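# Architecture at a glance
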Amino acid sequence: MKAYTRLLTILSLYILSVVSVFADNTPVEWLEEFTSEVVTKSNTYTQEFKWVDRDKYLIQMSVQRIDKKGRSEEKEFFFYLPDIDENALQFKATGEYITVFLRTQLSQKFMFEEENGEMKSYLNEITLFTDEVGKARKIIEVFKSQLPESRKSLNLWQTANDAKDWIQANVTSVNYDAEEFEQSISIEGEGRLLSFERNFTNSKGLAVAEEYVLNITDIDISKPMLVITGNRLSIKLETKENHKYVSKHVNGEIQNYSNNMVIYADDLARARNLINAVRFVVPKTKDHRVELGSASESLDFLNANSELNQVGSNQFEHVFQFTSEEKHKLIIETSKVDAKEVETIIKEEVSIVDLEPRAQIAVSGKNIKVVLLLKENHKFFKVEKNEVKQSFTSKAFVYAASVEQARNMVHALSYLVDNDTFEPKEFASEDEVSTWLSSEVSDVVLGLISYEQEMNIDKSKENVINLHLNSTNEDVTKKMVFKCFPQDINAKALKIEVSGKEMFVDVSTGKLKYVARTLEDSPENYDNEMRVYFDDSGKAKSFINAIKFLHSKMANVEHGFESQDAAIAFLNENVVTVTLDKYEHKQAINLEMADCIFTYTNASSDSKGGYNEWIYEFTASDLGKNAANIKVVGKSVAVVLTTRGESKLIKPYKNNDPQKFVSNMQVYAPDILTAKRLREAFLKVSEECKMKQ
């Protein structure tokens, strides 16, 4: 407490010396009408306002209070007019008088109070007294009218460089209670890096050398900077958003990064000017970086800013490179050497187009990372550790030796992303799609599983997509074939997906199980998707464009028939024997043209020798308008025929024995395309027969 009192006394003497040099003790003209007595039942208040320094707009306000017993109390307040916050000027009625509040901007404690000739405290608010609401309003109005002109006094510097020179000249040594702090500041790095040094002897008698580095553009000038702690008056420079971008070394050893830096000051006037200089400089300082002109320059700049970094007991070194001359893919190769000198090589590969435009800087303790993020959090980073594939990830990071190096890397990465010209391949013809699929859907190794892939389209069968997929895991190979028609694909659902070490695109037919599958040349149950594997997001995007192109070309393909004769001919040729699992279905269809009566026969046998013959008779015109539908169950595809209103108009026979009439029956098809055409053939015949009635 004694130390604090001595500080206040020293500063009081400084203020008084300012008063003695500059003060003319003349009244502040525009406040004279507010100096009359304010009388209440208990007290009488008298206020006076005098100039201390007209050039700096330093004002002394004297307040005398005399109670009803005649006891007097005097207070002296000092404030700089430019520091008053016009938005905080307000008044409040309290009992018999009205209080007008003067507050400083950002609540900085730039006001000074004396009481009965002794220093009391620093303040961020003082009060005036009046006895009329009208006067209170007028006090506020007159202060607001004087503020613009007074703030011109803050313009001590013409340029940012002038202010920076002033800062460097006025951060000096400070002595508190015989404890001396040698301080100096320099501004480097094209005028944006503030380097601050402080040397002192600690309580143990040991010399301490502190070094701080802070980018001026990181300083948050919206926060109050003046701090009074014990017997020390200081300026606290804090970073925007509390980013821990302030580096600190003590006796040459790096400390944890922090979000602030503190400079000691020996008097209020110097502290206030230093704060105003910082507030002047920050918005005028730009964080310019090296101008880059090409992807190669950016890569060189990345590597120039990547150093060997010690992180705990590990050493990290990063090298950036492109995968090819096109420069659309970036590889980050990291060497990690642990305390036992065991080296691990980590390789991360990504398409530049997938990167977020700006990497992030992450600070933890003594370490700085540059974090590369992917758009929409996609897991498109391909990772290898000692040449063994790892799971795909959505981000990667590299260590930086300083915040400035981290910013340089962010700058170079942003240039690469902003100037990357890669676009997935677009297609103009079915032949182009066919050629691309044949060459680019290829073998992929994902973790412990290798996939041999071949894809082609058969133009003679409505561009049916054929995928041959051999997957090998621990010397066990599984051979599968998938067939899917482009028009059945849900194009909107096509997207790149990642699960662990696998990247793939699922080609889906939605709720319809229209994807034919075989395993080791044996039919499998129909499914609603086939999966195509990739290790490159760019190629996967082009694949999606290829499938979407085929879908758009085939989406409106018609399977109808121009004539009844053509429909009947197709039925006769394609209602044939179909084998499903252990059952063989010998099918035949006959149409009596005169009466439009269909006779359908299905003689089926199983592996155990069982045999049944079903015959169905129905009139073609009895079929409903949309009553021929495709049904997929397990490995079978059938066309289900239903009568109008589901009336029981179909006569079945089992082994020549009449059965009850039914409303529907089904005809098996060897594949989806045949089923579509059978459906249209039945509907065409039904339509023609209705017209004859």
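First, a word on what this report is: a plain description of the structure on this page.

So, how was this worked out
- Residues numbered from 1 in each chain as written.
- Predicted model: local features only at pLDDT ≥ 70, side-chain atom pairs only at ≥ 80, totals over all residues.
- Heavy atoms only, no water.
- Pairing = 2+ DSSP bridges.
- Helix = DSSP H or I, 4+ residues; strand = E, 2+ residues; numbered from the N terminus.
- Contact = heavy atoms within 4.5 Å.
- Axes fitted to C-alpha atoms, helices over the stretch in contact; angles between N-to-C directions.
- 1 Å grid on protein atoms, 1.4 Å probe; cavity = no way out; pocket = protein on both sides within 12 Å on 5 of 7 lines; lining within 4 Å.
- Points joined across faces, edges and corners; volume = space filled by probe spheres on them.
- Nonpolar A, V, L, I, M, F, W, Y, C, P; charged D, E, K, R; others polar.
- Expected span 1.5 Å × (residues − 1).
- Buried < 20%, exposed > 50% of the residue type's maximum accessible area, 1.4 Å probe, protein only.
- Polar contact = N/O pair within 3.5 Å; in protein donor to acceptor, adjacent residues only side chain to side chain.
- Core = buried A, V, L, I, M, F, W, Y, C linked by side-chain atoms within 4.5 Å.
- Disulfide = S-S within 2.5 Å.
- Lys, Arg positive; Asp, Glu negative; His and termini not counted.
- Salt bridge = Lys/Arg side-chain N within 4 Å of Asp/Glu carboxyl O.

### Some points on the sheet that holds strand S22 (residues 343-351)
A sheet is described by the order of its strands in space; here six strands give the open sequence S19-S20-S21-S22-S25-S26, paired in antiparallel fashion. The open sheet has two edge strands, strand S19 (309-311) and strand S26 (388-389), and neither has a second partner. With eight bridges joining them, strand S20 (residues 314-322) and strand S21 (residues 329-337) adopt antiparallel strand pairing. Looking across to S21, one finds that His-318 is bridged to Thr-334. Helix-sheet contacts for helix H5 (residues 295-304) involve S20 and S21, and the interaxial angle to S20 is about 175°.

### With respect to the environment of Lys-635
Inspection of the secondary structure puts Lys-635 in the loop between strand S41 (623-633) and strand S42 (636-643). Setting aside residues no more than four positions away along its own chain, Lys-635 makes contact with Pro-523, Glu-524, Asn-525, Tyr-526, Leu-580 and Asp-581.

### Details of the sheet that holds strand S6 (residues 97-103)
Pairing is antiparallel in the open sheet, where three strands are placed in the order S5-S6-S9. Strands with a single pairing partner mark the edges of an open sheet, and in this sheet they are strand S5 (90-94) and strand S9 (125-130). Direction aside, neighbouring strands of the sheet carry axes that sit 30° apart on average. Examined bridge by bridge, S5 and S6 share five bridges and lie antiparallel to one another. Note on S6: the bridge partner recorded for Thr-94 is Tyr-97. Where helix H2 (residues 133-150) meets the sheet, its contacts fall on S5, S6 and S9, and the angle it forms with S6 comes to roughly 15°.

### Digging into the layout of surface pockets
Reported here for the largest pocket is a volume of approximately 600 Å³. Lining the largest pocket are 32 residues, and of these Lys-483, Ala-516, Tyr-526, Pro-670 and Asp-671 sit closest to its centre. Mapped by element, the contributors of at least two residues to the lining of the largest pocket are strand S30 (464-473), strand S31 (476-484), strand S34 (515-519), strand S35 (522-527), helix H9 (564-574), strand S37 (578-580), S42 and helix H10 (672-692). Its residues assigned to classes, the lining of the largest pocket comprises 17 nonpolar, six polar and nine charged. Looking at the second largest pocket, its volume works out to about 390 Å³. For the second largest pocket, the lining is made up of 24 residues, of which Ile-254, Tyr-257, Ile-368, Ala-401 and Ser-402 are closest to its centre. Every element with two or more residues in the lining of the second largest pocket is listed here: strand S13 (207-215), strand S16 (247-250), S19, strand S24 (367-373), strand S27 (395-400) and helix H6 (403-419).

### Brief notes about empty space enclosed by the protein
Scanning all chains against the criterion turns up six cavities of 30 Å³ or more. Here the largest cavity defines a volume of roughly 60 Å³. Every residue lining the largest cavity is listed: Lys-329, Glu-349, Val-350, Ser-351, Phe-380, Lys-382, Asp-535, Asp-536 and Ser-537. At three residues, S22 tops the list of elements feeding residues into the lining of the largest cavity. Looking at the lining of the largest cavity residue by residue, the classes come out as two nonpolar, two polar and five charged.

### Let's talk about helix H4 (residues 268-281)
In this model H4 runs 20 Å from its N-terminal to its C-terminal C-alpha over 14 residues, within 8% of the 20 Å that 1.5 Å per residue would give. Turning to H4, its buried residues number three or more, namely Leu-268, Ala-269, Ala-271, Arg-272, Asn-273, Leu-274, Ile-275, Asn-276, Ala-277, Val-278, Phe-280 and Val-281. A side-chain oxygen of the first residue of H4 lies 3.2 Å from the backbone nitrogen of Ala-269; this N-cap is Asp-267.

### Digging into the nonpolar core
Counting residues in each nonpolar core, the largest one holds 72 residues, and the members touching the most others are Val-370, Leu-437, Met-455, Met-530 and Phe-543. In terms of residue count, H6 provides more of this core than any other element does, nine residues in total. Filtering out sequence-adjacent residues up to four positions away, Met-530 remains in contact with Met-455, Ile-465, Leu-467, Phe-482, Cys-484, Val-505, Asp-506, Val-507 and Val-515. Judged by nonpolar contacts, the second largest core, of 44 residues, contains Leu-58, Trp-157, Met-225 and Phe-280.

### So, the pairing of S16
Note that S13 and S16 share four bridges and pair antiparallel. Bridging from a neighbouring strand, Tyr-212 pairs with Lys-248 of S16. Bridging between S16 and strand S17 (residues 253-254) involves two bridges; their strand directions are antiparallel. Within S17, the residue paired with His-249 across the bridge is Ile-254. Hairpin connection of S16 to S17: two residues between the antiparallel strands, including Asn-251 at a positive phi of 50°.

### Concerning the state of the cysteines
Taken as a whole and assessed by the stated rule, the structure comprises one disulfide. Between the sulfur of Cys-596 and that of Cys-689 lies a disulfide, 2.1 Å long from S to S. Classification of the bridge connecting Cys-596 and Cys-689 rests on its S-S torsion, roughly -90°, and on that basis the disulfide is left-handed. Here Cys-596, found in the loop between strand S38 (583-592) and strand S39 (597-605), pairs with Cys-689, found in helix H10; they are 93 residues apart in sequence, far enough to count as distant.

### Remarks on the side chain of Glu-502
One can find Glu-502 in strand S33 (residues 502-508). There is no salt bridge for the buried Glu-502, and the closest opposite charge comes from Arg-531, which lies 4.7 Å off by N-O distance. At a separation of 2.5 Å, a polar atom in the side chain of Glu-502 contacts the side chain of Tyr-451. Not counting residues within four places of it along the chain, the set of residues in contact with Glu-502 comprises Phe-392, Leu-446, Ile-449, Tyr-451, Glu-497 and Tyr-533.

### As for H6
For H6, with 17 residues, the first-to-last C-alpha span of 24 Å sits near the 24 Å given by 1.5 Å per residue. Burial within H6 is extensive, with 14 of its 17 residues counted as buried.

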